[in-house]
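Observations on chain architecture
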Amino acid sequence: MHYNPGMIEKRGTGVFPGVVIGKAAVFRHTVLDSVEHLLADDTEHELAVFEGVHAQALAEIRAIKPRSKEEREMLGVYESMLSDPDFLSLIRENIKERRYTASWAVEAATEKYTAALAALGDAYFAERIADIKDAETRLLSAIAGISTGIVITEPAVIVADYLTPSELMQMDRSKILGLLLDTGGQTSHVAILAHSDEIPAILGLGDVSETAEDGDTVALDAREGVAYVRPDEKTIRSFRARKGIAARTEKELRKEAAFPAVTVDGRRIHLMCNIEGLEGVDGAIAAGAEGVGLFRTEFLMMQGFHGAEEADPHVYEEAARIMGQYGPVTFRTYDLGGDKMAEGMDTEEENPILGWRAVRFCMANRDIFRSQLISILRASALSPSVRLMFPMISGSEELLEVLDFLNDVKEECRQKGIAFDENMKIGTMIETPSAAITADVLSSYVDFMSIGTNDLIQYTIAVDRGNERIAHLYRPLHPAVLRLLKYVVDAGKEKGVTVSICGEMAGYAEYTPLLVGLGFDELSMSAHSILEVRKRIRTLDSKSCADFADNVLSLRDATSIEHALKEYNGKA
Ligand code: PEP
Ligand code: MG
């Protein structure tokens, strides 16, 4: 029996707006009731149960491809524990000779095992004890018939301690009504996926997964970042009303899709879409996107779409064929690494966010890179709208190296008779401070630049974008960030190179006056955000925005800029 208190209110960071009332499906990565110390009636049966779950657990663990150093270590400990003959014979003895149940036998053996390690007094072994406890949980869950995988069969609001991007990708997302997570921030990749799948989500809720139980009613308003577990009748009524209002607002916004994004004084802003796969295309068209400003192709790789010879050419060609009619189709080359791991990536790194990722990984794995470039080049033959963009460029030398490699691949295509557009536009992302500060140099080698504010903010302020403990320090309006944005947009204008933003900042309508004022004419965001941003642009006067941006650039800190923007949004 679980203690089931009344209504609980939780507040966190809303990611994709929406009001949802639904049943909770709760996932905690490790949780189990304590084992009852009962003696077995039928030792043969208990032994068979243990042997069955042991074989299954071992097979499952061997099938998991580690995505990080920590995962690899943890899996190693699981496997050695589950294969240790002393440990296994202790469990079997516990069942056969002491008549313990399978669960108790496992628990008792684990306790003995961890006590022996703890007695060594070694810090390394102390850390391994936690992994051993996880492996124990896995065995005990299997004996108790509790699944450790995340499977949902009915539409539900997922309430979890955390989700990795690939865990979310492996779920049937059409059944997810909403998402409530203990951890995560607005620009974590789970948040980005939730946004593009239009799943109302609130992240960084602290301990929501501890307060809800499977089947509890939950109500959430992701725009406000507020969620209720077991809401009372009054709260449910108020959420039904909110739902009605949200549906009407949505309908109003959808009407806007027919109008161009032009300020009241006639400045045209191009609004494009960020997508992670072909499934994003319909939403982009419905929102009136003028092309794809960012195709996060690494998500194709994470879903296992990578062919040995050529990377899923069909996806690139389809995207070019369909979206090319609406505007540019910008394929960003694989931005793998960091929190985006694909199968088989070797990730023994202390600092993966500063490590072997994006073009750094691709240049060290040229077969993978080459095959992707060929797929993009092939797609360029189908539409002059296809563009190619490199992520995480840190300076001109790195950019020139990848451009050289692209030229080699183009030459190979010519020799093999693979058609491509010789004039395909090439761009670089600006998402490291070093790239931003040298944008005047980088702009002389490319046709366009696109600012990835998610990473640019993280690296400029030295704040991990996915860590909710320091989320208060992740300030898009930090003066350092705004100065960099201004510098890059001006450097691009000087060279006649288009500069866009494709980070989440582009998709929040409260920032639109500032971005228009700083001089951006191209913004790329998730489909739903296009509706709100377009509506906001149609109310703005670009000259007033420019004056406002000028003023704001002279302010000394993020708080003053946030206040100024709030005030501007209240008035204009
Ligand atoms: C960014 O960093 O802003 C960006 C668009 O790339 P990603 O979010 O995929 O890292
Ligand atoms: Mg990035």
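The numbering scheme is per chain: residues are counted from 1 as the chain's sequence reads. Whichever chain is written first becomes A and whichever ligand is written first becomes 1, with later ones labelled in order. Owing to the predicted nature of the model, reporting of local features is limited to residues with pLDDT of at least 70; listing and counting of side-chain atom pairs is limited to 80 or more, with chain, interface and lining totals taken over all residues. The basis for every side-chain value is the complete set of heavy atoms in the structure, and neither hydrogens nor water enter the calculation.

1. Some words on the nonpolar core
Of all hydrophobic cores here, the largest spans 120 residues; its most connected members are I158, L179, F390, L485, F520 and L523. Residues within four places of F520 in sequence aside, it is in contact with R267, I269, I451, L485, V489, V499, S500, I501 and L515. By convention a nonpolar core is built from buried Ala, Val, Leu, Ile, Met, Phe, Trp, Tyr and Cys residues, the set being connected through side-chain atoms within 4.5 Å. Exposed residues in this analysis have more than 50% of their type's maximum accessible area, buried residues have under 20%, and partly exposed residues fall in between, with area computed by a 1.4 Å probe over protein chains only. M81, L82, W104 and V106 belong to the second-largest nonpolar core, a separate cluster that totals 26 residues. When checking whether two residues touch, look at their non-hydrogen atoms; a contact exists if any pair is within 4.5 Å.

2. Here's the deal with the coordination of the magnesium ion (ligand 2)
Looking at the magnesium ion (ligand 2), one finds its protein donor set to be E431 (OE) and D455 (OD), positioned 2.0 to 2.1 Å from the metal centre. Residue E431 is found in the loop between β13 (425–430) and α16 (433–437), and its partner D455 is found in helix α18 (residues 453–461); the two are separated by 24 residues along the sequence. Each of the two residues, E431 as well as D455, counts as buried. Here a donor is an N, O or S atom found within 2.8 Å of the metal, or within 3.2 Å if the metal is Na, K or Ca; sites may look incomplete because water is not among the atoms. Helix and strand definitions follow DSSP, with helices as H or I runs of at least four residues and strands as E runs of at least two, each counted in order from the N terminus.

3. Section: the sheet that holds strand β8 (residues 226–229)
The sheet built from eight strands is open, its strands ordered β1-β8-β7-β3-β4-β5-β6-β2 with mixed pairing. Looking at strand neighbours, the two that pair on one side only are β1 (8–11) and β2 (13–16), the edges of this open sheet. Direction aside, neighbouring strands of the sheet carry axes that sit 30° apart on average. For strand β3 (residues 19–27) and strand β4 (residues 156–160), the ladder comprises four bridges, and the chain directions are parallel. Two strands are counted as paired when DSSP detects at least two bridges linking them. A fitted line through C-alpha atoms represents every axis, and for helices the fit uses only the stretch in contact; the resulting angles, taken between N-to-C directions, go from 0 to 180 degrees.

4. Side note on the sheet that holds strand β14 (residues 448–451)
Read around the closed barrel, eight strands run β9-β10-β11-β12-β13-β14-β15-β16, paired in parallel fashion. Taken over all neighbouring pairs, the strand axes of this sheet differ in orientation by 25° on average, direction set aside. Looking at chain direction, strand β10 (residues 292–296) and strand β11 (residues 329–332) are connected through three bridges and run parallel. Looking at the pairing, V292 lines up with V329 of β11. Each of β11 and β12 (386–390) touches helix α14 (residues 366–380); the most contacted strand, β12, lies at about 155° to it.

5. Side note on the packing of helix α9 (residues 233–256) against helix α21 (residues 527–537)
With their axes 9 Å apart at the nearest point, α9 and α21 run at an angle of 75° to one another. In terms of orientation, α9 and α21 fall into the roughly perpendicular class. Together, E250, L253, R254 and E256 of α9 and H528, L531, E532, R534 and K535 of α21 make up the contact between the two elements. Classification convention: Asp, Glu, Lys, Arg as charged; Ala, Val, Leu, Ile, Met, Phe, Trp, Tyr, Cys, Pro as nonpolar; all other residues, Gly among them, as polar. Residue composition of the contact of α9 with α21, grouped by class: two nonpolar, one polar and six charged. Orientation is classified from the angle alone, with under 35 degrees giving roughly parallel, over 145 giving roughly antiparallel, 65 to 115 giving roughly perpendicular, and any other angle giving oblique.

6. Points about the site of ligand 1
Near ligand 1 you find 16 residues, and of these R296, R332, G452, N454 and R465 are the closest. Within 3.5 Å is the distance limit for a polar contact, defined as a pair of N or O atoms, with the added protein rule that one can donate a hydrogen and the other accept it, and that residues adjacent in sequence qualify only through two side-chain atoms. For ligand 1, an oxygen atom lies 3.0 Å from a polar atom in the side chain of D455. Residue R465 places a side-chain N or O atom 2.8 Å away from an oxygen atom belonging to ligand 1. In isolation ligand 1 has 290 Å² of accessible area, and contact with the protein removes 100% of it. Of all elements in the fold, only α7 (189–196), β10 and α18 reach the threshold of two or more residues within the shell around ligand 1. The element that contributes the greatest number of residues to the shell around ligand 1 is α18, accounting for three residues. To be near a molecule or strand, a residue needs just one of its heavy atoms within 4 Å of it. Each accessible area value is a Shrake-Rupley result obtained with a 1.4 Å probe; residue values ignore everything except the protein chains displayed when judging cover.

7. What to know about the pairing of β3
Counting buried positions along β3 gives seven out of nine residues, so the element sits mostly inside the fold. When β3 meets strand β7 (residues 217–221), the two strands line up antiparallel, connected through five bridges. Looking at the pairing, K23 lines up with T217 of β7.

8. A closer look at the pattern of salt bridges
A pair is scored as a salt bridge if a Lys or Arg side-chain nitrogen falls within 4 Å of a carboxyl oxygen belonging to Asp or Glu. Applying the stated criterion to the full structure yields 32 salt bridges. Among the ionic pairs, K543 bridges to D265, the shortest N-O distance being 3.6 Å. Within this pair, whereas K543 is found in helix α22 (residues 542–553), its partner D265 is found in the loop between α9 and β9 (270–275), the two being separated by 278 residues in sequence. For K543, a relative accessible area of 56% translates into the label exposed. Among the residues examined, D265 registers a relative accessible area of 29% and is labelled partly exposed. D335 is paired through a salt bridge with R357; the nearest N and O atoms lie 3.3 Å apart.

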